[in-house]
Structures are given as C-alpha cells and as structure tokens.
Amino acid sequence: MHPMLNIAVKAARRAGNIIHRSTEKIDHLTVTKKSHADFVSEVDRVAEQTIIQTLLDAYPEHAILAEESGAHGESEFLWIIDPLDGTTNFLHGFPQFSVSIALQHKGVITQAVVYDPIRNELFTATRGRGAFLNDKRLRVTKRIHLAEALIGTGFPYRSNTRWMKTYLQMLGSVMEVSAGVRRPGSAALDLS
C-alpha cells in the first residue's frame, strides 16, 4: 500500500472510531442546521479535526480542504476530507454513512479512502493500481444493459419545486427501464 494511502487509512479509521462510539449517544449531540435537511454535528467537527491532525502530523507541508473547516495551507498536495458523509443518516440512526478522504496531487486525485465504521468496510484506491475493499480487489460489473443494472442516486438538499418535478419525472423513467433505483444517502459510500 502506498505510504500516503496508509496515512489516509489511519486517519479514516481514527475518525470512524469516533463516529462509531457516538452512535450510542446521538440524542445528546449538539447539531447545527446548515440549510434545509443539511446538518452538521459535533461528531463531524471532532472527526474532521482528528483526520486533519493525523494527516498533518505525517505531512505538515500538505494543504487541506475539509467540509466543515474549509481550506488550510497551500501545496501541490491537497487532502480533501468529508469526515462524516451521510450526517442526516447518522443523526437518524440509519447505518449508512462514511468517512471520505482523498489526496489530490497537482490537480489529479491519486489516493482515496472511504471507510464505513459500522460494517468496518474499508474501500481504498490508488491511481493506476485499482480499487479494493478490505484488501480484496474490486472489479467493474459485466452488466451492460440498463434493464440489468441497479442504479444509485442521491437527492439534492435544496428543495426547489421547479426542478423537483423534473427530477422525479427522470427518476420515474429510470425506474421503469432499470432493475431498480437506490438512494442510501452517503454519496461516497454509495459510489464505493
């Protein structure tokens, strides 16, 4: 495993442990509403700081772009962090959320980690070397027809009745011609 990927895995697991322990005290967490159906909890913030600290301890000259605290530093290496992708699911006790960390070098993503702390599933990828789930290589499906495909999607947070009607019509069309549509609620985990 690439050394920078190892550090990202270490950071993701540390954040995942914080998130997993917090599932038992969801009702006691401080939660802030960013916008309609878009929340941030104290767990997001603590997990993010843990990730940042772990990455910067190993690579103090690298830059950070984090969902909650924004941009820090300038470098050709940029760590992109979503400490808790699927916060709404987490806050409702729905076990579909993840930690997402990527490393961008000179504008190109070179390393990526998505960690599901509930299932202890670790997705990793290094540019040019494939993707893995818990050290087992992942392969692209051989399904080539939409009728055989299970489609993943997400709904935008902002509710706008003008585009919502169009979106629901498109969703209905896809549902009619595919094997089904799923919307689990953690984009990073859904894509993994």
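For clarity, every value in this text was computed on a predicted model and none was experimentally measured.

### Thoughts on the overall build of the chain
When its secondary structure is counted, the chain shows five helices and 12 strands. Expressed as a percentage of its 192 residues, the buried residues of the chain come to 37%. Summarising the internal contacts of the chain: among those between residues at least 6 apart in sequence, 53% fall at separations of at least 24. Approximately 11,400 Å² of the chain is accessible, and the part contributed by carbon and sulfur atoms is 54%.

### A look at unusual backbone geometry
One non-glycine residue, K106, lies in the positive phi region at around 50°. Within the fold, K106 resides in the loop between β6 (98–105) and β7 (108–116). Here K106 falls in the exposed class, since its relative accessible area comes to 59%. Of note, the phi angle at D135 is positive, near 75°, even though the residue is not glycine. Here D135 lies in the loop between β9 (130–133) and β10 (136–137).

### A few points about the packing of helix α1 (residues 3–22) against helix α2 (residues 42–58)
As a packed pair, α1 and α2 sit with axes 9 Å apart at the nearest point and diverge in direction by 160°. Between α1 and α2, the interaxial angle falls into the category roughly antiparallel. For α1 against α2, the interelement crossing comes out right-handed. Here I7, A8, K10, A11, R14, A15, I18, I19 and S22 of α1 lie close against α2, whose contacting residues are V43, V46, A47, T50, I51, T54, L55 and A58. Here the residues of the contact of α1 with α2 are counted per class, giving 12 nonpolar, three polar and two charged.

### Thoughts on the pairing of β6
Among the eight residues of β6, six are classified as buried, and the element is accordingly described as predominantly covered. As defined by bridge partners, strand β5 (residues 77–85) adjoins β6 across seven bridges and the pair is classed as antiparallel. For D82, the partnering residue across the bridge sits in β6 and is S100. Sheet topology note: the β6/β7 ladder contains seven bridges and is antiparallel. Across the sheet, residue A102 finds its bridge partner in β7, namely A112. Linkage of β6 to β7, two consecutive antiparallel strands, is achieved through a turn of two residues, within which K106 is found at a positive phi near 50°.

### As for the nonpolar core
I19, I51, L55, W79, V99 and I101 are the most contacted members of the largest nonpolar core, which totals 31 residues. Listed by contribution, the elements that provide at least two residues to this core are α1, α2, β3 (63–66), β5, α3 (87–91), β6 and β7. Per element, the largest residue contribution to this core is 10 residues, and it comes from α1. Contact partners of W79, with chain neighbours within four places excluded, come to M4, A8, L55, Y59, H62, A63, I64, L65, I101, A102 and L103.

Quick notes on the rules
- Residues numbered from 1 in each chain as written.
- Predicted model: local features only at pLDDT ≥ 70, side-chain atom pairs only at ≥ 80, totals over all residues.
- Heavy atoms only, no water.
- Helix = DSSP H or I, 4+ residues; strand = E, 2+ residues; numbered from the N terminus.
- Buried < 20%, exposed > 50% of the residue type's maximum accessible area, 1.4 Å probe, protein only.
- Contact = heavy atoms within 4.5 Å.
- Areas by Shrake-Rupley, 256 points an atom, 1.4 Å probe, with all protein chains shown as cover.
- Axes fitted to C-alpha atoms, helices over the stretch in contact; angles between N-to-C directions.
- Parallel < 35°, antiparallel > 145°, perpendicular 65-115°, else oblique.
- Left-handed = near helix turned anticlockwise from the far one by under 90°.
- Nonpolar A, V, L, I, M, F, W, Y, C, P; charged D, E, K, R; others polar.
- Pairing = 2+ DSSP bridges.
- Core = buried A, V, L, I, M, F, W, Y, C linked by side-chain atoms within 4.5 Å.

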